[in-house]
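# Report on the structure
Spelled out from the first residue to the last, the chains are:
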There are 2 protein chains.
Amino acid sequence: MSLAASFAEPQVAERVEVGLGARAYDILIGPGLLASAGERIAALGARTVGVVTDENVARLHLATVERSLAAAGLGFSTVTVPAGEPSKSFGRLSEVVDGLLAARIERGDVVLALGGGVVGDLAGFAAAILRRGVRCVQAPTSLLAQVDSSVGGKTGINSVRGKNLIGAFHQPSLVLADVDALDTLPPRELRAGYAEVVKYGLIDDPAFFAWLEARPRAAFEPGQDRIRAIATSCRAKAAVVARDEHETGDRALLNLGHTFGHALEADVAYDGARLIHGEGVAIGMAMAFRFSVSLGLCPPEDAARVERHLEAVGLPTSPKAIPGGVGSADVLFGHMQQDKKVSRGRLTFILARGIGRSFVAKDVDPAAALAFLKRELA
Amino acid sequence: MSLAASFAEPQVAERVEVGLGARAYDILIGPGLLASAGERIAALGARTVGVVTDENVARLHLATVERSLAAAGLGFSTVTVPAGEPSKSFGRLSEVVDGLLAARIERGDVVLALGGGVVGDLAGFAAAILRRGVRCVQAPTSLLAQVDSSVGGKTGINSVRGKNLIGAFHQPSLVLADVDALDTLPPRELRAGYAEVVKYGLIDDPAFFAWLEARPRAAFEPGQDRIRAIATSCRAKAAVVARDEHETGDRALLNLGHTFGHALEADVAYDGARLIHGEGVAIGMAMAFRFSVSLGLCPPEDAARVERHLEAVGLPTSPKAIPGGVGSADVLFGHMQQDKKVSRGRLTFILARGIGRSFVAKDVDPAAALAFLKRELA
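Just so it is clear, the structure is predicted and the values come from calculations on it, not from any experiment.

### Remarks on the overall build of chain A
A count of helical and extended segments in chain A gives 14 helices and eleven strands. Projected onto the principal axes, the alpha-carbon positions of chain A cover approximately 60 × 45 × 40 Å. Counting over 378 residues, chain A shows a buried share of 61%. Taking contacts inside chain A between residues at least 6 apart in sequence as the whole, the part at least 24 apart equals 76%. A total of about 13100 Å² of accessible surface is found on chain A, and carbon and sulfur atoms cover 53% of it.

Listed below in structure tokens is the structure:
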């Protein structure tokens with residue numbers, strides 16, 4: 001536990017269940033969970049654990065996890081990949097799978113994804129395709145991964161043609177969200193992850209958004225408020241996933257801010273120095289609200305409140321905030337058309353009638369979207 | 001229809017349903033099915049088809065299929081890979097997925113696997129991971145693929161550490177087994193595929209085995225007997241798959257002959273000039289019966305009948321029949337231990353108490369298996 005945490009109120013772990021019948025699993029959110037990973041994984045009946053992590057996370061947390069695995073009597077080996085989005089590639093996937101095969105991870109064993117969203121997506125996908133599927137435990141160490149990517153079973157890698165275009169639905173068997181790990185994050189990453197927390201308020205929980213507005217530091221400092229913010233986010237995501245595991249309907253709501261956000265990330269060629277995922281989502285959500293206003297769907301005051309709260313925590317809200325700028329509206333529009341959510345060439349947007357009143361809009365007029373992009377970049 | 005077929009009795013298509021609830025699908029077995037692929041795929045609601053095939057099959061059947069797709073008003077593009085097992089690699093998978101993304105295959109569209117087992121496994125896996133899963137129609141053109149690999153949803157690629165160690169369960173939406181395609185197969189491939197037909201008799205259908213014994217040419221010549229042999233095989237496989245989709249129990253019976261067979265294939269480094277999959281299965285089944293005899297489980301007459309029938313159609317029954325020979329018993333044993341079916345280091349074999357009386361044997365004494373291998377190679 002960090003020094004700051006030791007002065008805060010005592011922290012109590014929360015538990016969120018993802019109700020998926022035979023594939024139901026728990027998300028645990030609290031302090032000290034990495035140190036208990038071994039006993040919890042042993043309780044799943046695994047004998048050997050293939051740990052997948054990145055260089056940064058390995059430096060900070062691998063020793064804790066390996067000690068815990070050894071103490072629980074588990075065999076383990078570790079595959080470490082470079083930190084950052086470029087690791088979500090076919091080449092790296094093939095290395096990870098080969099490492100897990102070399103470690104003789106069998107069908108009854110477990111892959112432990114120890115890291116942020118990149119490691120979770122890559123290791124989860126590797127687990128999905130190793131021997132046609134072995135179990136995965138997610139130990140997300142970034143805020144983004146704790147509230148979003150580690151929950152719900154989406155795994156995958158990127159293609160030169162777009163983000164996450166290759167992957168699998170593979171639900172984890174357990175998620176261990178150790179909030180202590182958040183104290184080791186660079187502030188920019190913590191902020192970026194917070195965009196996904198805000199998202200859950202914007203989708204369908206205006207009271208949560210108001211709660212966050214009143215506590216703009218909640219997610220940024222140790223304490224029960226942070227655990228509550230993460231647990232509320234996970235609960236929101238779990239409810240959507242339980243309703244629509246494979247994104248044939250409602251689950252698309254979770255993409256609020258992502259259609260624009262992914263296009264922006266593609267535009268900067270996933271250069272994390274210029275834009276990281278959560279920043280793209282922050283800009284994308286602000287854009288989705290402004291686009292909703294321009295279509296006459298959403299009161300301008302709500303879009304302004306969204307911008308104000310994001311800016312209060314230091315998140316960007318305009319594509320013009322991206323260092324070096326972005327390409328033309330036409331280029332962004334082209335990226336959006338390669339989105340997975342494109343159906344028969346029609347664009348799907350998540351739009352909003354107000355804060356907490358988001359909805360899936362199919363058949364948005366492409367000309368209106370293009371005109372909006374032109375105004376945003378003008 | 002081939003010239004031979006035109007002199008045979010009229011052929012009538014059979015239909016086998018794979019009962020998997022929401023993922024149930026039909027296997028159609030009969031003549032002229034490739035020419036009707038377009039209308040059948042259009043009936044699934046697809047707009048665009050990503051055809052995956054290999055160079056040999058493209059030469060023989062692609063024009064027929066593309067004509068049919070065009071006539072049904074479907075858009076399509078084709079990705080062609082080299083023929084042969086080496087195409088089941090990460091590198092080739094990444095090319096195929098990229099080709100399908102370039103063709104803008106969307107979630108509502110269809111990947112059409114046109115070819116033998118290699119193409120079916122590779123294209124099926126590509127469909128499983130493209131945008132986290134698009135539908136796949138299997139159009140198997142080899143006997144092996146028609147009776148085995150196109151049915152049941154196992155897809156995947158090979159690792160240097162073993163065959164099919166990387167993959168997914170991804171059920172097809174439809175299987176079109178055009179028996180006319182069998183007339184274009186090299187005799188060696190047709191024979192190899194026949195090993196899997198025999199397998200269904202050996203697993204649990206002694207009457208089917210006797211029917212085949214009485215008609216050793218059934219699968220090798222056009223006519224209703226061939227369609228019946230294929231449909232009986234598909235029905236047997238469909239029943240097992242419906243009971244145990246993800247191979248947690250019974251489905252392992254389908255691996256009769258495969259534990260030994262895969263080890264032999266690994267031993268020759270998947271060199272098709274020396275051993276192709278069905279030949280490995282033929283040898284493996286004969287070995288499984290001899291091993292069962294040596295364990296006192298199976299009457300020697302039954303093992304002899306198995307050998308006799310396989311030899312009657314020109315299939316090998318001993319590892320010593322492999323050109324160039326194989327490695328030592330220890331090396332083969334090592335390959336067997338990397339098998340996906342290994343659970344906690346224990347070997348699982350499919351053994352037999354007689355023809356049509358196969359069973360899953362866990363905890364086979366490794367020393368007995370090793371001693372058996374030594375006798376086989378002596």
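### Notes on the relation of the copies chain B and chain A
With an RMSD of 0.0 Å, the operation that places chain B on chain A is a rotation of 180 degrees combined with a shift of 0.0 Å along the axis. Overall, the copies show the geometry of a two-fold rotation axis. Using C-alpha coordinates, one finds that chain B approaches the rotation axis most closely at Phe90 of chain B, a distance of 3.8 Å. Of the residues that chain B buries at the interface, 100% are likewise interface residues in chain A, meaning the two copies contact each other through the same surface.

### Things to note about the interface of chain B and chain A
Contacts between the two partners involve 39 residues from chain B and, on the opposite side, 39 residues from chain A. Here chain B meets chain A over a buried area of about 3500 Å², counting both sides, of which 48% is carbon and sulfur. Our count for the contact surface shared by chain B and chain A stands at two salt bridges. Where Arg161 of chain B meets Asp98 of chain A, a salt bridge forms, and the shortest distance between an N and an O atom there is 3.1 Å. Our count for the contact surface shared by chain B and chain A stands at eight residue pairs in polar contact (both at pLDDT 80 or more).

### Considering unusual backbone geometry
All names here are of chain B. With a phi close to 55 degrees, Asn164 is a non-glycine residue in the positive phi region. Residue position: Asn164 is located in strand 8 (residues 162-169). Phi at Ala269 takes a positive value of approximately 55 degrees, unusual for a residue other than glycine. One can find Ala269 in the loop between helix 10 (258-267) and helix 11 (277-294). For Ala269, a relative accessible area of 58% puts it in the exposed group.

### What to know about the side chain of Glu85 of chain A
Residues and elements named next belong to chain A. Counting through the fold element by element, Glu85 comes out in the loop between strand 4 (75-81) and helix 4 (90-102). Engagement of the side chain of Glu85 in a polar contact is seen with the side chain of Asn158, the distance being 2.8 Å. Not counting chain neighbours up to four residues away, the residues in contact with Glu85 comprise Val118, Asn158, Lys163 and Tyr270.

### Section: the sheet that holds strand 4 of chain A
Residues and elements named next belong to chain A. Reading across the sheet, the seven strands line up as 1-2-9-6-5-3-4 and stay open at both edges, with mixed pairing between neighbours. Every interior strand has two partners, whereas the edge strands, strand 1 (14-18) and strand 4, have only one. Averaged over all pairs of adjacent strands, the angle between their axes in this sheet comes to 15 degrees, without regard to strand direction. One ladder, built from six bridges, connects strand 5 (residues 110-115) with strand 6 (residues 135-140); its direction is parallel. Directly across from Val111, in strand 6, lies its bridge partner Cys136. Its contacts with the sheet put helix 3 (residues 55-71) on strand 3 (48-54), strand 4 and strand 5, and the angle it makes with strand 3 is roughly 165 degrees. The strands touched by helix 5 (residues 117-129) are strand 3, strand 4, strand 5 and strand 6; relative to strand 5, the strand with the most contacts, the crossing angle is about 165 degrees.

### A look at the domain arrangement of chain A
Residue and element names in this part refer to chain A. Under the domain assignment used here, chain A contains domain 1 (3-184) and domain 2 (191-377). Centre-to-centre, using C-alpha coordinates, domain 1 lies 25 Å away from domain 2. On the side of domain 2, 36 residues touch domain 1, which itself brings 39 residues to the contact. Summed over both partners, the interface of domain 1 with domain 2 comes to about 3200 Å²; 61% of that surface belongs to carbon and sulfur atoms. Viewed at the interface, domain 2 and domain 1 are joined by five salt bridges. Two residues, Lys237 and Asp148, come together in a salt bridge whose shortest N-O distance is 2.7 Å.

### Details of helix 4 of chain A
Because each turn of an α-helix spans 3.6 residues, side chains separated by three or four positions in sequence point in the same direction. Residues and elements named next belong to chain A. Look at helix 4: 18 Å from first C-alpha to last across 13 residues, which is about the 18 Å you get at 1.5 Å a residue. Within helix 4, the full set of buried residues consists of Phe90, Leu93, Val96, Val97, Leu100 and Leu101. The buried residues of helix 4 all sit within an arc of 135 degrees when viewed along its axis, so they share a single face.

### Re the pairing of strand 10 (residues 349-352) of chain B
Residue and element names in this part refer to chain B. Here strand 10 shows no split at all, with Phe349 and Leu351 on one side and Ile350 and Ala352 on the other all buried. Where strand 10 and strand 11 (residues 358-361) come together, four bridges link them in antiparallel fashion. Of the residues in strand 11, the one forming a bridge with Leu351 is Phe359. Counting the residues in the hairpin turn of strand 10 and strand 11 gives five residues, including Gly354, whose phi is positive at 155 degrees.

Calculation criteria
Residues numbered from 1 in each chain as written. Chains lettered and ligands numbered in written order. Predicted model: local features only at pLDDT ≥ 70, side-chain atom pairs only at ≥ 80, totals over all residues. Heavy atoms only, no water. Helix = DSSP H or I, 4+ residues; strand = E, 2+ residues; numbered from the N terminus. Buried < 20%, exposed > 50% of the residue type's maximum accessible area, 1.4 Å probe, protein only. Contact = heavy atoms within 4.5 Å. Areas by Shrake-Rupley, 256 points an atom, 1.4 Å probe, with all protein chains shown as cover. Least-squares fit on C-alpha atoms with pLDDT ≥ 70 in both. Buried area = accessible area lost by both parts, 1.4 Å probe. Salt bridge = Lys/Arg side-chain N within 4 Å of Asp/Glu carboxyl O. Polar contact = N/O pair within 3.5 Å; in protein donor to acceptor, adjacent residues only side chain to side chain. Pairing = 2+ DSSP bridges. Axes fitted to C-alpha atoms, helices over the stretch in contact; angles between N-to-C directions. Domains from an automatic or database assignment. Expected span 1.5 Å × (residues − 1). Arc of directions from axis to C-beta.

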